[in-house]
Amino acid sequence: MWYSFNGDDLILHLRIQPKASSNDLAEIMGDARKLRITAPPVDGKANKHIITLLAKMCKVAKGDVVIESGELGRTKRIRIKAPKKLPEGVQR
């Protein structure tokens, strides 16, 4: 499963595709879901972009989106603290 809940927090397992033509959640790949982003994987730009994108998607502050693992890789585990809106495909 590409997502789980830890109390009120949403945990996402994502495979990042940088320098894509659009920002969106794509197909499920095993136990992760592909997240396409337009930002390049340079100087932390991709991570900042991911945090901003997921914060908007879940209607939370940027400080409530934390990259727990995979900061330097394409496979990331991300915690969203008490999301007000769930991303497409996520059910409680």
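Structure shown above.
What comes next is a walk through the structure. (Residues numbered from 1 in each chain as written. Predicted model: local features only at pLDDT ≥ 70, side-chain atom pairs only at ≥ 80, totals over all residues. Heavy atoms only, no water.)

1. A short note on the pattern of salt bridges
- Applying the stated criterion across every chain yields a total of eight salt bridges.
- Two residues, Asp9 and Arg79, come together in a salt bridge whose shortest N-O distance is 3.0 Å. Taken together, the residues span a long stretch of sequence, with Asp9 in strand β2 (residues 9-17) and Arg79 in strand β6 (residues 75-80) at a distance of 70 residues. No difference in accessibility class separates Asp9 from Arg79, as the two residues are buried.
- Residue Arg36 pairs with Glu27 through a salt bridge whose shortest N-O separation is 3.5 Å.
- Overall, Arg36 belongs to the partly exposed group, its relative accessible area being 25%.
- Relative accessible area serves as the criterion here: at 38%, Glu27 is assigned to the partly exposed category.
- Put simply, Asp9, Glu68, Arg77 and Arg79 are held in one network by salt bridges that share partners. (Salt bridge = Lys/Arg side-chain N within 4 Å of Asp/Glu carboxyl O. Helix = DSSP H or I, 4+ residues; strand = E, 2+ residues; numbered from the N terminus. Buried < 20%, exposed > 50% of the residue type's maximum accessible area, 1.4 Å probe, protein only.)

These figures come from the coordinates and say nothing about function on their own.
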